[in-house]
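Structural overview
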Amino acid sequence: MSTKIKAAFLDRDGVINRNNGYVTNKKRFTWLKNVKSAIRLLNNKKFKVFIVTNQSAVARGFCSENDVNNLHLWINNELKKNKAKIDEFFYCPYHPKGIIKKYRKKSYLRKPNPGMIVKAVKKYSINLDKSFMIGDTKSDKICAERVNLKFYYKKNNLQKDIKLILKKYNLK
């Protein structure tokens with residue numbers, strides 16, 4: 001029997017980076033305060049760290065899935081310089097009003113649906129009671145609520161937010 005692990009689910013745009021509209025490449029990516037040290041803290045506390053992000057820019061034709069994956073690879077390379085890492089990036093490229101036919105659809109992966117979290121839970125055998133999500137929108141909150149996952153709205157400093165969550169819920 002596998003041991004269930006604890007995880008931190010983070011939205012991307014607005015939580016780890018400034019939300020500048022469609023953030024499709026590293027030139028448009030700006031780290032928010034203490035994000036790298038916050039992710040390192042989670043790594044050191046033995047949390048799996050996952051990004052769960054809607055990326056309708058793919059469906060809207062602003063970028064490709066390859067662009068999204070390259071940005072995520074760059075993010076992890078930058079984190080690695082700070083002895084931190086994101087274990088996996090889950091993203092939804094779909095949108096019902098997309099202009100790229102392949103991606104124009106409703107999807108269970110798209111927040112506020114919990115599909116990306118459900119996918120991570122199955123893949124990594126995650127204990128949701130020992131896990132949490134940080135987001136910046138109502139759809140993030142609804143997503144977490146749909147799987148009974150603790151939710152916290154991002155404030156100014158991700159590291160302070162995480163320390164508060166760990167203390168509040170006695171997550172060690």
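A brief structural summary. This is a predicted model, so every value here is computed, not measured.

**Structural notes on the overall build of the chain**
The secondary structure content of the chain amounts to five helices and five strands. Expected size for 172 residues packed as a compact globule is a radius of gyration near 16 Å; at 15 Å, the chain falls within 12% of this value. Once the C-alpha set of the chain is aligned to its principal axes, its extents read approximately 45 × 35 × 30 Å. Out of the 172 residues belonging to the chain, those deemed buried represent 53%. Expressed as a percentage of contacts within the chain between residues at least 6 apart in sequence, the contacts between residues at least 24 apart total 67%. Accessible surface, the chain: about 9,300 Å² in total, of which carbon and sulfur atoms supply 49%. A distance of 2 Å separates the average location of the 41 positive side-chain charges in the chain from that of its 12 negative side-chain charges.

**Structural notes on unusual backbone geometry**
Omega for the bond connecting K111 with P112 falls within 30 degrees of zero, at 20°, which places this linkage in the cis form. Looking at the secondary structure, you find P112 in the loop between strand 3 (88–92) and helix 3 (115–124). Positive phi, normally seen in glycine, also occurs at K46, with a value near 65°.

**Describing the state of the cysteines**
What the rule picks out here adds up to zero disulfides. No disulfide involves C63; its sulfur sits 12 Å from that of C92, the nearest cysteine. Residue C143 stays outside any disulfide, its sulfur separated by 11 Å from that of C92, the closest cysteine.

What counts and how
- Residues numbered from 1 in each chain as written.
- Predicted model: local features only at pLDDT ≥ 70, side-chain atom pairs only at ≥ 80, totals over all residues.
- Heavy atoms only, no water.
- Helix = DSSP H or I, 4+ residues; strand = E, 2+ residues; numbered from the N terminus.
- Rg over C-alpha atoms; globule rule 2.2 N^0.38 Å.
- Buried < 20%, exposed > 50% of the residue type's maximum accessible area, 1.4 Å probe, protein only.
- Contact = heavy atoms within 4.5 Å.
- Areas by Shrake-Rupley, 256 points an atom, 1.4 Å probe, with all protein chains shown as cover.
- Lys, Arg positive; Asp, Glu negative; His and termini not counted.
- Charge placed at Lys NZ, Arg CZ, Asp CG, Glu CD.
- Disulfide = S-S within 2.5 Å.

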